[in-house]
Amino acid sequence: MIFHSSLKKCFQLHYILKIPTAGFKWAPKGGLILQSVSQDVYQNLALEDWIHDTLDLENRQILFLWRNSSAVVIGRHQNPWQECNLKMMRQKGIKLARRRSGGGTVYHDLGNINLTFFTTRKKYERMENLRLVVKALKSLRPQLDVQATTRCDLLLNGIFKISGTAAKLGRTAAYHHCTLLCNTDRHILSSVLKSPYSGIKSNATPSVPALVKNLLEEDPTLTCEMLLDAIAEEYATHYHADNRITVINPADEKEFPGINNKARELQAWDWIYGKTPKFSVSKCLNIVNEQSCLDIRINMDIKNGKIETFDIDTPQQWLPPMMCRKLKDSLIGSKFCPSETTAVANALLSTCTDYKLYSKWNLLCEQVLTLM
C-alpha cells in the first residue's frame, strides 16, 4: 500500500505508479523519497534488497527512511558470537539480523534512524550523502558540531559517533545506508554489543568500537520526526525532487512482488548464523563437582554455523571416554546453537541410568551451552 505525506512548506505533486513486466516501477524521474511504516528489521532489509534487485536506477535516485524495533544488525561477513551478547538478546527478545552489505554491527531501536541512498553504481558516492545529512542537521540546529570522517562516519563534537556507514555495490545498482542516533537506549546498546564469548578465532570482519552519543542528549528539543523531515527536505532540494514522502508498507506483496520471500530468507537461521565465516572455539571450562574442581578443554570448528569438529579433554577418572565420544559424535553436524545442543544433550542424558555419571554429564553439557 502506498500513501503520500507532504513535507512542511513544500509544493505538493502526485506520483504516477506503474507495474511493468515482472516488477514494480515508479514513473517519475529524478529523486524519490520513501518511508516505511514497518518497524520489522527483516521487512525493511528485504525492501532494500528488493529496490536494489528490481528497480532501474539509471534515471532515478531513491532515499529510503526506516526505523526498527529493537534489533542487532551485523554485517555480511561478521561473526555474531564475536559481535554481540546473544544470550542477553534472547532473554530480552531482541532480534538478530544479517544484512547484505558489509561493515560493522549496529543496534537499532525506534530512537535510531536508518537512511538508505540508492543510485546506480556509477553515481554511488558516500561522502556526498553524508554531507547532505550534515547539511540537514545544520539547517535544524546550526550550532551542532557534526562532521563526516574519512571512515564515512558522522562525529558529534569531534568525539562521539552518531552515524555508521555500510554499502552494497551490485553490477549496475548500489546503495549506501547509515544510521543516525537520535534517542537510542544507550544502556541496551552498550550491553548487547559486548560479546561475553571468549576463545574464538575467526577471520570475520570485526567491528571497530567507538564512543557514541544521541543527538537528543546534545539538544533535547530534537525528535526523530524532525530529523526525518529535515533530511527528506534537504534530499528533495539537492536532487530537485518532488517534495513528498511516499509512505510504503514493505510487507505488501502486491506492490512489491516477491518481497516476502526476501524477508523469509533474511530471517532464516541458515542466513543469520549459517553465513558466518568459518571459526574455531578453544575453551578451558572450569567445573566444580562434589567439592572438587577440574579443568576440561574443548576445541571446536564451526562451519556454516554447524559444528564440524568437536574434541573434548576430560580426566579419564571423572567421565568415561565412551561418554565423551558419544557427546562428540552427537554434536558433530548439529547447529552451533543452544536449542539444538540442548536437544542433543537431553537425548544423551535420557540413556544414562547411573545417577553420578548423569550428574557429571549434565554439568558438562551445561558448560558447553555457555559457549553459544
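What you see is a predicted model; the values in this text were computed from it and never measured.

Parameters and conventions
Residues numbered from 1 in each chain as written. Predicted model: local features only at pLDDT ≥ 70, side-chain atom pairs only at ≥ 80, totals over all residues. Heavy atoms only, no water. Helix = DSSP H or I, 4+ residues; strand = E, 2+ residues; numbered from the N terminus. Buried < 20%, exposed > 50% of the residue type's maximum accessible area, 1.4 Å probe, protein only. Contact = heavy atoms within 4.5 Å. Lys, Arg positive; Asp, Glu negative; His and termini not counted. Charge placed at Lys NZ, Arg CZ, Asp CG, Glu CD. Core = buried A, V, L, I, M, F, W, Y, C linked by side-chain atoms within 4.5 Å. Phe/Tyr/Trp six-rings, centres within 6.5 Å; stacked < 30°, edge-to-face > 60°. Lys NZ or Arg CZ within 6 Å of the ring centre and 35° of its normal. Expected span 1.5 Å × (residues − 1). Pairing = 2+ DSSP bridges. Axes fitted to C-alpha atoms, helices over the stretch in contact; angles between N-to-C directions. pLDDT = per-residue confidence, 0-100. Salt bridge = Lys/Arg side-chain N within 4 Å of Asp/Glu carboxyl O.

Q: For the overall build of the protein chain, give the residues involved together with the corresponding values.
A: Per the secondary structure count, the protein chain includes 12 helices and 19 strands. Along the first, second and third principal axes, the C-alpha set of the protein chain runs to 80 × 50 × 30 Å. Within the protein chain, the fraction of its 372 residues that count as buried is 49%. A separation threshold of at least 6 residues defines the contact pool for the protein chain, and within that pool the share at least 24 residues apart is 73%. The centroid of the 47 positive side-chain charges in the protein chain is displaced by 3 Å from the centroid of its 36 negative side-chain charges.

Q: Which residues make up the nonpolar core, and what values go with them?
A: With 76 residues, the main nonpolar core has Phe-336 and Trp-361 as its most contacted residues. Here the element with the most residues in this core is helix H1 (residues 41-54); it accounts for 7 residues. For Phe-336, the contacting residues outside a window of four places in its chain are Trp-81, Trp-269, Phe-279, Val-281, Met-300, Ile-302, Gly-305, Lys-306, Ile-307, Leu-371 and Met-372. Counting residues in each nonpolar core, the second largest holds 35 residues, with Leu-154, Ile-162, Cys-178 and Leu-180 among its members.

Q: Let's hear about the packing of aromatic side chains: which residues, and what values?
A: Enumeration according to the criterion identifies 10 aromatic pairs in this entry. With a centroid separation of 5.8 Å and 15 degrees between ring planes, the pair formed by Phe-64 and Trp-66 is classed as stacked. For the pair shown, Phe-64 and Trp-66 are each scored as buried. With a centroid separation of 4.7 Å and an interplanar angle of 50 degrees, the aromatic rings of Tyr-235 and Tyr-239 are classed as tilted. On the accessibility criterion, Tyr-239 (16% relative accessible area) is buried. Within the aromatic cluster, the residues linked to one another by ring pairs are Trp-81, Trp-269, Tyr-273, Phe-279 and Phe-336. The aromatic ring of Trp-271 is capped on one face by Arg-100, whose charged end is 4.2 Å from the ring centroid.

Q: Please provide a residue-by-residue account of helix H7 (residues 224-238), values included.
A: Across its 15 residues, H7 extends 21 Å between first and last C-alpha, which sits within 8% of the 21 Å expected from 1.5 Å per residue. Buried within H7 are the following residues: Cys-224, Leu-227, Leu-228, Ala-230, Ile-231, Ala-232, Glu-234, Tyr-235 and Ala-236. His-240 occupies a position one or two residues after H7 and carries a positive phi of about 50 degrees.

Q: Account for the pairing of strand E17 (residues 279-289), with residues named and values stated.
A: Inspection of the sheet shows strand E15 (residues 200-202) paired to E17 by 3 bridges, in the antiparallel sense. The residue of E17 that forms the bridge with Lys-201 is Ser-280.

Q: Residue-level account of helix H11 (residues 338-349), with values.
A: Its 12 residues give H11 an end-to-end C-alpha distance of 16 Å, which sits within 8% of 16 Å, the value for a rise of 1.5 Å per residue. Elements in contact with the buried residues of H11: helix H10 (321-331) and helix H12 (355-369).

Q: Outline the sheet that holds strand E7 (residues 95-98), listing residues and values.
A: Strand order across the open sheet formed by 3 strands is E7-E6-E8, with mixed pairing between neighbours. Bordering the open sheet on either side are E7 and strand E8 (106-108), each of which pairs with just one other strand. For this sheet, the mean inter-axis angle between neighbouring strands, taken without regard to orientation, is 25 degrees. Looking at chain direction, strand E6 (residues 71-74) and E7 are connected through 4 bridges and run parallel. Bridge pairing in E7 places Val-72 opposite Leu-96. Helix-sheet contacts for H1 involve E6 and E7, and the interaxial angle to E7 is about 15 degrees.

Q: Can you break down the environment of Gly-274 residue by residue, with the values?
A: Considering the arrangement of structural elements, one finds Gly-274 in the loop between helix H9 (269-272) and E17. Distance from Gly-274 to Lys-303, taken between C-alpha atoms, is 7.7 Å for residues 29 residues apart in sequence. Other than its neighbours up to four places away in sequence, Gly-274 contacts Trp-269, Asn-304 and Gly-305.

Q: Which residues make up the side chain of Asn-44, and what values go with them?
A: Looking at where Asn-44 falls in the secondary structure, it is placed in helix H1. For Asn-44, a relative accessible area of 0% puts it in the buried group. Dropping the residues within four chain positions of it, Asn-44 is found in contact with Ser-36, Ser-38, Gln-39, Phe-64, Trp-66, Arg-67, Asn-68 and Pro-250.

Q: With reference to specific residues and values, describe the confidence of the model for the protein chain.
A: In low-pLDDT regions, the fine details of the predicted coordinates are not to be read closely. When pLDDT is averaged across the protein chain, the result is 90; 92% of the residues are at 70 or more. Long-range and interchain partners of residues 6-24, a stretch whose pLDDT sits below 50, account for 41 contacts in this model, where long-range means more than four residues apart.

Q: Go over the sheet that holds E17, please, and point to the residues and values.
A: The antiparallel open sheet is built from 4 strands, whose spatial order is E15-E17-E18-E19. Sheet topology places E15 and strand E19 (306-313) at the edges, where each strand pairs with a single neighbour. Put simply, the sheet's adjacent strands are angled 15 degrees from each other on average, direction ignored. The pairing of E17 with strand E18 (residues 292-303) spans 11 bridges and is classified as antiparallel. By the bridge assignment, Phe-279 is partnered in E18 with Ile-302. The sheet strands contacting H12 are E17, E18 and E19, and the helix crosses E17 at an angle near 140 degrees.

Q: I'd like a description of the pattern of salt bridges, backed by residues and values.
A: Tallied over the entire structure, the rule returns 13 salt bridges. Note that Lys-278 is salt-bridged to Glu-308, the shortest N-O span being 3.0 Å. Within this pair, whereas Lys-278 is found in the loop between H9 and E17, its partner Glu-308 is found in strand E19, the two being separated by 30 residues in sequence. With a relative accessible area of 47%, Lys-278 lands in the partly exposed category. Taking the relative accessible area as the measure of exposure, Glu-308 reaches 32% and is therefore partly exposed. Of the charged contacts, one joins Asp-311 and Lys-328 as a salt bridge, the two residues approaching to 3.4 Å between their closest N and O atoms. With Asp-311 in strand E19 and Lys-328 in helix H10, this pair connects stretches of sequence that are 17 residues apart. Judged by its relative accessible area of 29%, Lys-328 falls in the partly exposed class.

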